[in-house]
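# A closer look at the structure
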Amino acid sequence: MFIEDIRNDFYNVLLGNRVLLLVHYDVDAICACKILQGLFKCDNISYTLVPVGGISELKTAYEENNEEIKYVVLVNCGGTIDLVDILQPEEDVVFFVLDSHKPTDICNVYSDGQVRLVYKDEEENIPNFDDIFRDDEEDENEDEVAGRDLEAVVERRRARKAWEERRHTLMFNYTQFSYYGKPSACTALELAARGSRAGAGALWACAVAGAAHAALHRRPPARCLLDAEPLHRHVAAARRNDDAQPHRSAQVLVEKDAWLPLYRTWSLEAALSHCALLAPRLKLHARSGAARLRQLLADMGFPLQQARQAYRSMDVELRRSLLTALETAAPKHKLPVPTRATFLLQRPHAPPVAALDTVYAIMALIEHETLPKGEGFQLALAALEVSGENESWKRGVMYARRALEAVARLAHATLSSRGLMLAGPFSYFIVQEGTPEAAVVRGPLWLSEAARWIAAADTGARPLLASAPQPNGDCLLLGLPPRFDQEPRNLFGAAFEQAATKSGASVSLDYVDTSVITLPASQRTQFLDALTALLA
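Residues numbered from 1 in each chain as written. Predicted model: local features only at pLDDT ≥ 70, side-chain atom pairs only at ≥ 80, totals over all residues. Heavy atoms only, no water.

Per the secondary structure count, the protein chain includes 25 helices and 15 strands. Relative to its length of 536 residues, the protein chain is compact, with a C-alpha radius of gyration of 25 Å against a globular reference of 24 Å. In terms of overall dimensions, the protein chain has a C-alpha envelope of 95 × 60 × 40 Å along the principal axes. A buried classification covers 54% of the 536 residues belonging to the protein chain. (Helix = DSSP H or I, 4+ residues; strand = E, 2+ residues; numbered from the N terminus. Rg over C-alpha atoms; globule rule 2.2 N^0.38 Å. Buried < 20%, exposed > 50% of the residue type's maximum accessible area, 1.4 Å probe, protein only.)

The structure is reproduced here in structure tokens:
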């Protein structure tokens, strides 16, 4: 069931109770968790925080931590599965679900109160209860009626068959695409604002979550703008308060900025070379790619020597002219607009921090090749701190640069060696085990970043599959929809499930995002063959 009042029907229910907080490993979930942690601290709500990576981890985390727990809050996990059926909780346990993964499981939607969904996305076209659920008491009495009124029984069975066909059609239309709703951190910020606790920390966490949805193409561009509109209002209100109280230590600003990853902590040439928005369209993987990049810098009026040194060491006038130079040179090279209104964190005596940079820092921390996942999760939470020197953020930025370099190398190698294969209705590429890049893209976040890069270089008009090696002979497989940058609804979730049944492959559908699966590498070919036949 959907709750009506986020404060009274959700947060106030938690007051005075111990809470189990289950949080998924993604940027938006970590940002929402950061906001909730701040609220829990203010109201002395005791909680147990457990990060979860998939459905099996979710089940294990609940089983190990449900003792004397009556309230469970799930962030970006649990919404797309039948929670009561999978977790088998006691009747008095209540689950509050704050999940941006869509579509929401229909059993959660029509739960009698044990599963409570914190917000409803306006895009969800949820079928009516009577079209999905049916009272079978009359059908159970068919045998008793059959001897007396055969015609009534036939008519009843015909009506049931028509109802089942309609239900199948409605459920297929409802579940055929997986997609993302509004960032969960935006809902958490709304809760904080209702309690007059939308401080710089909450605003910054929400800004980073919004930047993640935009940078990772979780939502169409127009939707991202609408999602950010309440945040803009809160930032403006906070700015007015800051002007009245100039002693504040940190504030969130909205300014036009270059949509380049980490450029303030890198060189301009490196940022352009590793920007998934611009680099694929400059075709840096081709022999003439370096010349195109140099020509772009020349058209911007930036000498190569300046572009190759650290951004902070560049000439002051060049730094001031960066946005104008990018906007002027981009049309000549047929590049998308490389600037946009973005959120920046401004602290006294420190350079501004871009929300986009923090997105990549968090991604690098939670999917680092050698860092334990639990430790990476805690570092990612710490990277969102807005006060003082943030060593976790600096560490994440260092990891992110290495990850972006690995993604660029992988994309260049795949495109230049014709490693992008054509399989009828879709294209695919496979990251070879043993390559330096394989360890970096073993998780879905960085593998999808490489997939978006390669798809953009290949016009992006076709669906794309990407596969990377996993331990124990398994492989990760994820699907990217065509024109992902405009309409990111993904049909691969339902297609993967059907192909798994037809191929007989040992597919694991454990990921929260249904467009990501794992299977034995030895069965990958037969699975792709079944998927090709299904989508042809």
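Before going further, it helps to spend a moment on the packing of helix α2 (residues 27-42) against helix α20 (residues 373-382). Packing of α2 against α20 brings their axes to within 10 Å, and their N-to-C directions diverge by 65°. Overall, the two elements α2 and α20 adopt an arrangement that is roughly perpendicular. The handedness of the crossing between α2 and α20 comes out as right-handed. From α2, I30, C33, K34 and Q37 reach across to α20, where they touch F377, A380 and L381. Tallied by class, the residues present in the contact of α2 with α20 amount to five nonpolar, one polar and one charged. (Axes fitted to C-alpha atoms, helices over the stretch in contact; angles between N-to-C directions. Parallel < 35°, antiparallel > 145°, perpendicular 65-115°, else oblique. Left-handed = near helix turned anticlockwise from the far one by under 90°. Contact = heavy atoms within 4.5 Å. Nonpolar A, V, L, I, M, F, W, Y, C, P; charged D, E, K, R; others polar.)

Position of T370 among the secondary structure elements: in the loop between α19 (355-366) and α20. Residue classification places T370 among the exposed positions, given a relative accessible area of 64%. Here H368 takes part through its side chain, which lies 3.2 Å from a polar atom of the side chain of T370. (Polar contact = N/O pair within 3.5 Å; in protein donor to acceptor, adjacent residues only side chain to side chain.)

Another aspect to go through is the pattern of salt bridges. Evaluated as defined, the whole model comprises 22 salt bridges. Taken together, the salt bridges that share partners define one network made up of D5, E190 and R194. (Salt bridge = Lys/Arg side-chain N within 4 Å of Asp/Glu carboxyl O.)

Regular strands show a simple pattern: their side chains alternate between the two faces of the sheet. Two strands pair when backbone bridges link them, and strand β8 (residues 251-258) and strand β9 (residues 339-346) are joined in this way by eight bridges, in the antiparallel orientation. Residue V252 lies in a different strand from β9, and its bridge partner there is L345. Two strands pair when backbone bridges link them, and β9 and strand β10 (residues 353-354) are joined in this way by two bridges, in the antiparallel orientation. Across the sheet, residue L345 finds its bridge partner in β10, namely V353. Between β9 and β10, which follow one another and run antiparallel, lie six residues, and H349 among them has a positive phi close to 60°. (Pairing = 2+ DSSP bridges.)

Moving on, we get to the side chain of T339. Its place among the elements puts T339 in strand β9. Judged by relative accessible area, which is 7%, T339 ranks as buried. Engagement of the side chain of T339 in a polar contact is seen with the side chain of E327, the distance being 2.6 Å. Residues in contact with T339, not counting those within four places in the same chain, are K256, D257, A258, W259, L323 and E327.

This part takes up the nonpolar core. Among the nonpolar cores identified, the biggest contains 140 residues, and W204, L260, L268 and M300 are the most heavily contacted of them. Those residues within four positions of M300 in sequence are excluded, and the remaining contacts are L268, L322, A325, L326 and A329. One finds L22, V50, I81 and V109 within the second-largest nonpolar core, a separate group that totals 27 residues. (Core = buried A, V, L, I, M, F, W, Y, C linked by side-chain atoms within 4.5 Å.)

This paragraph deals with the sheet that holds strand β1 (residues 19-24). Spatially, β2-β1-β3-β4-β6 is the arrangement adopted by the five strands of the open sheet, whose pairing is parallel. In the strand order of this sheet, the two ends are held by β2 (47-52) and β6 (115-117), each with one partner. The average angle at which neighbouring strand axes cross in this sheet is 20°, direction not considered. As defined by bridge partners, β1 adjoins strand β3 (residues 71-75) across five bridges and the pair is classed as parallel. By the bridge assignment, L22 is partnered in β3 with L74. Across the sheet, α2 lies against β1, β2 and β3, angled at about 155° from β1, the strand it touches most. In the packing of helix α3 (residues 55-65) onto the sheet, the strands contacted are β1, β2, β3 and β4 (94-98), and the crossing angle to β2 comes to about 155°.

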